[in-house]
Structure formats: C-alpha cells, structure tokens
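One-letter residues, chain by chain:
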Amino acid sequence: MAGEKKGLVLLDYWVSPFGQRCRIGLAEKGLEYEYSEQELLGDRSELLLRSNPVHKAVPVLLHDGRPVCESLLILHYLDEAFPNSPPLLPADPYARAQARFWAAYSDKVYEVGTRLWKLRGEEQARARDDMVEVLGNLDGELGDKAFFAGEAFGFVDLAVAPFTPWLPSYGRYGGFSVEREWPRLAAWARRCAGRESVAKSLQPPEKVDEYINVLKKHCGIND
Amino acid sequence: MEGKEENASAEAAPLKLLGSWASSYTHRVQLALRLKGLEFEYAEEDLANKSDELLRLNPVYKKVPVLVHGGRALPESVIILQYLDDAWPERRPLLPADAFDRALARFWCHFADDKLGPAVGAVFTSTGEEQEAAVRQVHENLALVEAELREGAFKGRRFFGGDEVGLLDVVLGCGSYWLAVFEEVTGVRLVDADAFPLFHAWLRDFEALDEVRETIPAVDRLLEYARGVRHMLLGLAGAGGAGGAGADAPSSTAADAPTASPPPAAATATAADIAVDI
C-alpha cells in the first residue's frame, strides 16, 4: 500500500501516560522505532483516524503499516512479535495473570484522576475516595517489595510508572499527599524514575500540571 | 525435566469456579473450560450475599467469576481465559497463533466489555429518549463489528476465531444471548437480521454449538430474571429512586457492578449485575 512504512512507528502524544508505557516498553526491548507526535486537541491526522477508527486515540503502534491499538495490547504484541528481545511479561502463567490484572487495574489511576481535576463538589469528593482506594490497593500490592514484579522492574511497574508525574497534581486536587499516605508507593516512584527507559519517557510533574490547566481551559473549567 | 514435572503437577491441581448462574462473565469461563475439556468444580454465589471465600479471593473487585487453581485465585474473565491458554497450551488454544491476530482478538474483547456491553446495559436500564439514544449507540457498536466481519479483520470467517470458536467468540457470544432477551423484555429491536446479517448468522452458529448449549441458561429462566429486574427498575424509576443503576458502573470484565441504591427487599442480584454484563 502506498506510504506504508517498514518497521515500527508509534503514534503518540507527548504527555500521554499510555503512550509512555509503549515508549518504555520499546526502550526496555531495545527496539528502534519512529516516534510520531499526534494532534489531539485539534484535528486528528488522517493516519491516526485510519489506524484507530474505533477510538481515534493514541497510542497506536504501526508495524510495517499494520496498526495495534491500546497500550497494554501493544506491550503484549511487542513481546509476541519480538521474542528475541527481553520479555516485558513474566513467563509463568499465574504471574502473567497477576501482571495483566494489576496493569489493567492501574488504568483507574488516570480515569479517576481525570474525574478529580474535572469535577467539583460531591462528584469530586467521590473521585477522591475512589483515588484513595485505588492508590491503597496499588500500595498493598506493592507491599515491601522494591518493585511490583519483585526485585526487578517488570510489567506492572512499567504500566504504573507513567502515572507517577500525575500524582502530585491529583494529590492537590484531592487534598492528599502520596508521600504521607503511601510512602512505599512514593519510594517506588522515585526508584522507577531512576531507570533510564522511564526517565527518558516521562514528563516532569510541573509540565503535567501545566497540561491539566490546558485541559481544564479546553473543557471550559475556569477555576 | 524438573520444570516439566512441576508443570504437570500444577496442571493436575483441581479447578474450582465461583460464579453466578445469570452472569455472562461466568459463562465465558465455563464455556472455555468445556472447550478445553477441563474438569472443574462449580460453586454458585449469591451476589446479594457474597461468601467470605469470594471476598477473600477477589478483595479488589469482590466479583464473580473467580477461578481457583491449586489454591491460587484468578479474577476477571478475559484474564482467566488467557490464563487457561497459558497454563494448558496444548489444549485447544483460544487465542490465535499470530501476534497481530492476537492483538485484534484482544482489542475486540475490550470493545465488547468497554463499549458494546455497557451500551446494551443502558438500553435495558432506561426508557424513552434516554433508551433511544442507548439503542443508537448499540447499533453503532454492532455496525463496527459487522464491518469487521464483512470486510475487515474477520472477513470470510464463520467464527471470529476462524473455523473454530476462539477467545472473541467466547467473550462476545457469552453475553450476546442477552440481546434477544432484552429485545423481548423491552420491546426494542437490537439485532436486526437485515441490518446485521453476519453478526446474526455468527450468533446463530455460536448458540448452536453443543458446549454453548450446555453453558447458557434456558431462555425462559433468562427472560424471567430480566423481566423481574426491569420491572423493579421501572418501579423504582416511577418512585424516583432508581438513580443510574447501569450508568456509573465501572467498566470491568467481571459480573456485577455497584448500583446507586439497591432496594432492600431484592433477593436477587440488582440490575447492574446484568446491565453491564454482555
């Protein structure tokens, strides 16, 4: 087909934590790819609309022109299509199930976080309660381990790490301190930030907070 | 050698499924176990009065289904199905072999649970204009699936998995039987054979399979259950008390979602248990 590139292209957005999951995964696997920044607040590109017609969302991984959508599915695809590179998922079936469970669960950090900065009054209070539950569950799963996967950085760590720069903002909107409430989670976040693949992919919290303000304006929220 | 022996004994460990008879998420796991020829013990959960065992095994969601294998708990139907493939790779794989096809199967499973299911649930829990909007949403979603069958990822296939049923058939199929039930109970047309001929044909072929007939409850029971829930919902709506039973249910692959205000007299599971359950 005309215009179809060979190799890997990642349709992404600079501050998207879902896109960042893919960037970290590609880096961990040592895979070369072309990064393609997409317009999300304005008109979406033809390429994005063609590649993800159902959701019109990033990230999308194009492999020799064929699209794979959704961050966690992209990570699975990378493991399966590139079996000679370091695996992102564990080998043991039960460990894989647990990794899938917690990686999918961590999507709630962003869903609930969005409600936290968008809503006010009772709805915001409910979002705050939900966030406390989500972070509490993640903290409980982490426990006293260095990483969710144990002694080494693994799939769940990769899935959750991109939400860490959003936590200071969520904490402000929700009136909680991650450092104070869940010190183990805070320490884990710092541990991940030191990892090269993560450090290269994440935005600093200040930029994330600025972006939330942009989104608020975009939604017509003026406080 | 040692790994193989460990695997064999792990595989041989007993399987127990905690589920609910009207939960399509539970049916997915029952069907998958039957397709793979795996023996299992089944424990029916009363969703209005959950067992300590369930709460202990699934503390995060407190939902069915939960599969217990060798004492270890696996919640979330789509995760359980993939676990079955990972743990018994030699027995009738549910996922295709090719990496891209696997990504597609998983993508459409998510679509079934995040988009189509909630839309169908919304039809069931609403009336009037709100219901009309929900019906439009269902039709839009079905049109996307129909397009994939007609000219997209699943073109020319009898089942989404190919000649045999696979992961997406199990996920979409166990739940699609609610479409006919909801049509009957609400009087709304959801799956027109003329508008969605391929989806209609696929569903008919799926429901004719022996393992599926063994798994899906008799339509009379489903109708009675759905009528009861709908009646209760409309009764509550009349009294001004229902509050979006299906509306703010979190998207998840498990069966029941918390409702705004379940009536105290409800002996059976509330609307959201089946409202988000396709």
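Our subject is the structure that appears above.
Since we're looking at a predicted model, the values are computed, not measured.

Caption draft 1: Up close: the overall build of chain B. The helix and strand tally for chain B stands at 11 helices and four strands. The 278 residues of chain B split such that 54% are buried. A separation of at least 24 residues holds for 70% of the contacts in chain B among residues at least 6 apart in sequence. Element-wise, carbon and sulfur atoms account for 50% of the exposed surface of chain B, whose accessible area totals about 12,100 Å².

Caption draft 2: Expanded view of the interface of chain A and chain B. Each partner contributes to the interface: chain A provides 24 residues, whereas chain B provides 25 residues. Summed over both partners, the interface of chain A with chain B buries about 2,300 Å², with 68% contributed by carbon and sulfur atoms. For the interface between chain A and chain B, the tally reads four salt bridges. A:Arg96 serves as the salt-bridge partner of B:Asp86, at 2.9 Å between the closest nitrogen and oxygen. Across the contact surface, chain A and chain B share six residue pairs in polar contact (both at pLDDT 80 or more). Within the residue set of the side of chain A that touches chain B, elements represented by two or more residues are strand 4 (66-69), helix 3 (71-81) and helix 4 (93-118) of chain A. Within the side of chain A that touches chain B, the residues separate by chemical class into 13 nonpolar, four polar and seven charged.

Caption draft 3: Examining the pairing of strand 1 (residues 8-12) of chain A more closely. Residues and elements named next belong to chain A. Among the five residues of strand 1, five are classified as buried, and the element is accordingly described as predominantly covered. Residues Leu 8, Leu 10 and Asp 12 point to one face of strand 1 and Val 9 and Leu 11 to the other, with burial holding for every one of them. For strand 1 and strand 3 (residues 60-63), the ladder comprises four bridges, and the chain directions are antiparallel. Bridge pairing links Leu 8 to His 63 in strand 3. When strand 1 meets strand 2 (residues 34-37), the two strands line up parallel, connected through four bridges. Across the sheet, residue Asp 12 finds its bridge partner in strand 2, namely Glu 37. This β-α-β element, strand 1 to helix 1 (residues 17-28) to strand 2, shows right-handed connectivity.

Caption draft 4: Examining the packing of helix 4 of chain A against helix 5 (residues 121-142) of chain A more closely. Residues and elements named next belong to chain A. Running from N to C, helix 4 and helix 5 cross one another at 155 degrees; their axes reach a closest spacing of 9 Å. Between helix 4 and helix 5, the crossing angle belongs to the class labelled roughly antiparallel. Between helix 4 and helix 5 lies a crossing of left-handed hand. Across the interface between the two elements, Trp 102, Tyr 105, Lys 108, Val 109, Val 112, Gly 113, Arg 115 and Leu 116 from helix 4 touch Gln 124, Arg 126, Ala 127, Arg 128, Asp 130, Met 131, Glu 133, Val 134, Asn 137, Leu 138 and Glu 141 from helix 5. Residues that form the contact of helix 4 with helix 5 fall into these classes: nine nonpolar, three polar and seven charged.

What counts and what doesn't
Residues numbered from 1 in each chain as written. Chains lettered and ligands numbered in written order. Predicted model: local features only at pLDDT ≥ 70, side-chain atom pairs only at ≥ 80, totals over all residues. Heavy atoms only, no water. Helix = DSSP H or I, 4+ residues; strand = E, 2+ residues; numbered from the N terminus. Buried < 20%, exposed > 50% of the residue type's maximum accessible area, 1.4 Å probe, protein only. Contact = heavy atoms within 4.5 Å. Areas by Shrake-Rupley, 256 points an atom, 1.4 Å probe, with all protein chains shown as cover. Buried area = accessible area lost by both parts, 1.4 Å probe. Salt bridge = Lys/Arg side-chain N within 4 Å of Asp/Glu carboxyl O. Polar contact = N/O pair within 3.5 Å; in protein donor to acceptor, adjacent residues only side chain to side chain. Nonpolar A, V, L, I, M, F, W, Y, C, P; charged D, E, K, R; others polar. Pairing = 2+ DSSP bridges. Right-handed = clockwise from strand over helix to strand, strands pointing away. Axes fitted to C-alpha atoms, helices over the stretch in contact; angles between N-to-C directions. Parallel < 35°, antiparallel > 145°, perpendicular 65-115°, else oblique. Left-handed = near helix turned anticlockwise from the far one by under 90°.

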